[in-house]
Amino acid sequence: MQRANGVGKRLRIWLGLLLVLGLTSCAIPQIKAEDRLFLPVAVELLDVYNLPPQEFEGTTVGGLSALVYDRGRDRTYALSDDRGRSGPARFYTLNLTLGSSTAPNGNITIDSVTIESVTPLRDAEGDLYPRGSLDPEGMALSPRNTLFISSEGDVGQNAPPFIGEFDRETGQVIATLPLPERFLPDAPDRPTRGVQNNLSFEALTVTGSPSAGMTEPFRLFATTESALVQDYNDDPSQPLNTRVLHYLLGDDQTTLIAEHRYPLELEPTGAVVNGVTALLAIDPGGHFLALERAFGLRGIQVKLFQLATGGAADTSATVSLRGDVSGLAPVRKQLVLDFADTSLAVDNLEGMTLGPRLPDGSQSLLLVSDNNFEADRATQIILLRLQM
């Protein structure tokens, strides 16, 4: 009888433990595996500043397609995508100041944007680039205080795309990055491989902050606006795939580490162009912000995504992404903001950078639109608060 009572007692203890464990496990929040890939990113729209069309030192200010904030100098660089029609290939230095007080709705505002200087881009010999040879689209400030600038090139003019490193003060190219052959068009007319015309290297970003002297290698990421010729799929029910290049750069080192598949959103009905216009690293662990823009019969539509490259397959040996690519793990993406859900009618957004700290210490995010040199269109500079 005593043995039976002992067994019963132990059974009651085990049942009690199981009950406690069951209740405890129920209290643990269930997190999706996908959610663990991403940072807890959110943005808040604060203000929009309209920079009017204007002339500056013999150039027409417009076509701003990339934006970079230089925290050490508290200045912002804006790249023009002018191919030489209204001045040489160039970037502007802007003095952007935030309002000392908040707007009636409590938001921080952009007080003023002043153009301080213009820097023409120059080749290795120090000469201005010939008209039509560059289509500057992407820009990033490196830890060694140089500017990396991407050009889409011009397939019809036999002007290849390239990514160059430029002296920030003089605008002269220092070096160019090697591009895989699969990105280079094989013919000016009806190419069978390479970037599509005007859908080439639109966006690039680097990890690491500028410093007095670079001692550590840093990473550069670049992506095309849309699919390569050999990757293009004309089935509108299937997303187009761009390719993201990942470089490791250092003193006497330029290494292409990997390449990843980045699936675009499906083209909206009536879209003429749909693609990536800006890429921004937000941590050293493979997380990015990306702007995707579509325009066509329904106007301009822009979405902001967070990207996670962890686990993405290397596509550098993949000849074409046109067919079944389900076996190639892509760059993962998560919607941060659809501008259609805001009260702001956005224009042709093409540039993005982490801006100055806001008065409350939080991080700002700046976006800029390309007015395509149309005299009746202002250039939008949008201020957001970035929370992560």
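Residues numbered from 1 in each chain as written. Predicted model: local features only at pLDDT ≥ 70, side-chain atom pairs only at ≥ 80, totals over all residues. Heavy atoms only, no water.

Student: What exactly am I supposed to notice about the packing of aromatic side chains here?
Tutor: For any two aromatic rings, the description comes down to two numbers: the centre-to-centre distance and the angle of the planes. Taken as a whole and judged by the stated rule, the model has eight aromatic pairs. Pairing Phe183 with Phe201 gives two aromatic rings, centres 5.4 Å apart and planes at 25 degrees, and the pair type is stacked. Of this pair, Phe183 sits in the loop between strand E11 (173–176) and strand E12 (201–206) while Phe201 is found in strand E12, placing the two residues 18 residues apart along the sequence. Take Phe183: its relative accessible area is 0%, and that puts it in the buried class. A residue is classified by how much of its surface remains accessible, and Phe201, at 0% relative accessible area, is buried. Three or more aromatic residues link up through ring pairs in this structure, and these residues are Tyr129, Phe162 and Phe166. Taking NZ or CZ as reference, Lys333 lies 4.4 Å from the ring centre of Phe305, over its face. (Phe/Tyr/Trp six-rings, centres within 6.5 Å; stacked < 30°, edge-to-face > 60°. Helix = DSSP H or I, 4+ residues; strand = E, 2+ residues; numbered from the N terminus. Buried < 20%, exposed > 50% of the residue type's maximum accessible area, 1.4 Å probe, protein only. Lys NZ or Arg CZ within 6 Å of the ring centre and 35° of its normal.)

Student: Help me understand the environment of Ala312, please; the structure alone is not making it clear to me.
Tutor: The topology assignment puts Ala312 in the loop between strand E18 (299–308) and strand E19 (332–338). For Ala312, a relative accessible area of 13% gives the class buried. The spatial distance from the C-alpha of Ala312 to the C-alpha of Val331 is 5.2 Å, given a sequence separation of 19 residues. Other than its neighbours up to four places away in sequence, Ala312 contacts His260, Ala329, Pro330 and Val331. (Contact = heavy atoms within 4.5 Å.)

Student: Help me understand the sheet that holds strand E8 (residues 136–141) in this model?
Tutor: Strand pairs in the sheet, formed through backbone hydrogen bonds, run parallel or antiparallel to each other. Spatially, four strands are ordered E8-E9-E10-E11 in an open sheet, and the strand pairing comes out antiparallel. Each edge of the open sheet is held by one strand with a lone partner, namely E8 and E11. With strand direction ignored, the average angle separating the axes of adjacent strands in the sheet is 25 degrees. Relative to strand E9 (residues 146–151), E8 is paired through five bridges, and the arrangement is antiparallel. Bridge assignment links Gly138 to a residue of E9, and that residue is Ser150. (Pairing = 2+ DSSP bridges. Axes fitted to C-alpha atoms, helices over the stretch in contact; angles between N-to-C directions.)

Student: What is the right way to look at the pattern of salt bridges in this model?
Tutor: Where charged atoms of side chains with opposite charge meet at close range, the side chains can pair. On inspection of all chains with the given rule, the structure shows 20 salt bridges. In this structure, the salt-bridge partner of Lys333 is Glu265, at a minimum N-O distance of 3.2 Å. In this pair, Lys333 is assigned in strand E19 and Glu265 in the loop between strand E15 (253–263) and strand E16 (271–281), connecting sequence segments 68 residues apart. Glu265 sits in the partly exposed class, given a relative accessible area of 30%. Ionic contacts of the salt-bridge type, sharing partners, join the residues Arg182, Asp231, Arg243 and Glu259 into one network. (Salt bridge = Lys/Arg side-chain N within 4 Å of Asp/Glu carboxyl O.)

Student: Help me out: how do you make sense of the environment of Leu365 in this one?
Tutor: Looking at the element boundaries, Leu365 is found in strand E21 (residues 363–369). Judged by its relative accessible area of 0%, Leu365 is buried. Between the C-alpha atom of Leu365 and that of Tyr69, which follows or precedes it by 296 residues, the distance is 9.8 Å. Apart from residues lying up to four places away in sequence, Leu365 is in contact with Val43, Leu280, Leu289, Leu304, Met352, Thr353, Leu354, Gly355, Ile382, Leu383, Leu384 and Leu386.

Student: Explain empty space enclosed by the protein here, please?
Tutor: Any empty space left between atoms is shown by rolling a water-sized probe over those atoms. Evaluated as defined, the whole model comprises one cavity of 30 Å³ or more. Taken as a whole, the largest cavity holds about 40 Å³ of empty space. Lining of the largest cavity is provided by Val244, Leu279, Phe288, Leu307, Thr309 and Val331. Residue composition of the lining of the largest cavity, grouped by class: five nonpolar, one polar and no charged. (1 Å grid on protein atoms, 1.4 Å probe; cavity = no way out; pocket = protein on both sides within 12 Å on 5 of 7 lines; lining within 4 Å. Points joined across faces, edges and corners; volume = space filled by probe spheres on them. Nonpolar A, V, L, I, M, F, W, Y, C, P; charged D, E, K, R; others polar.)

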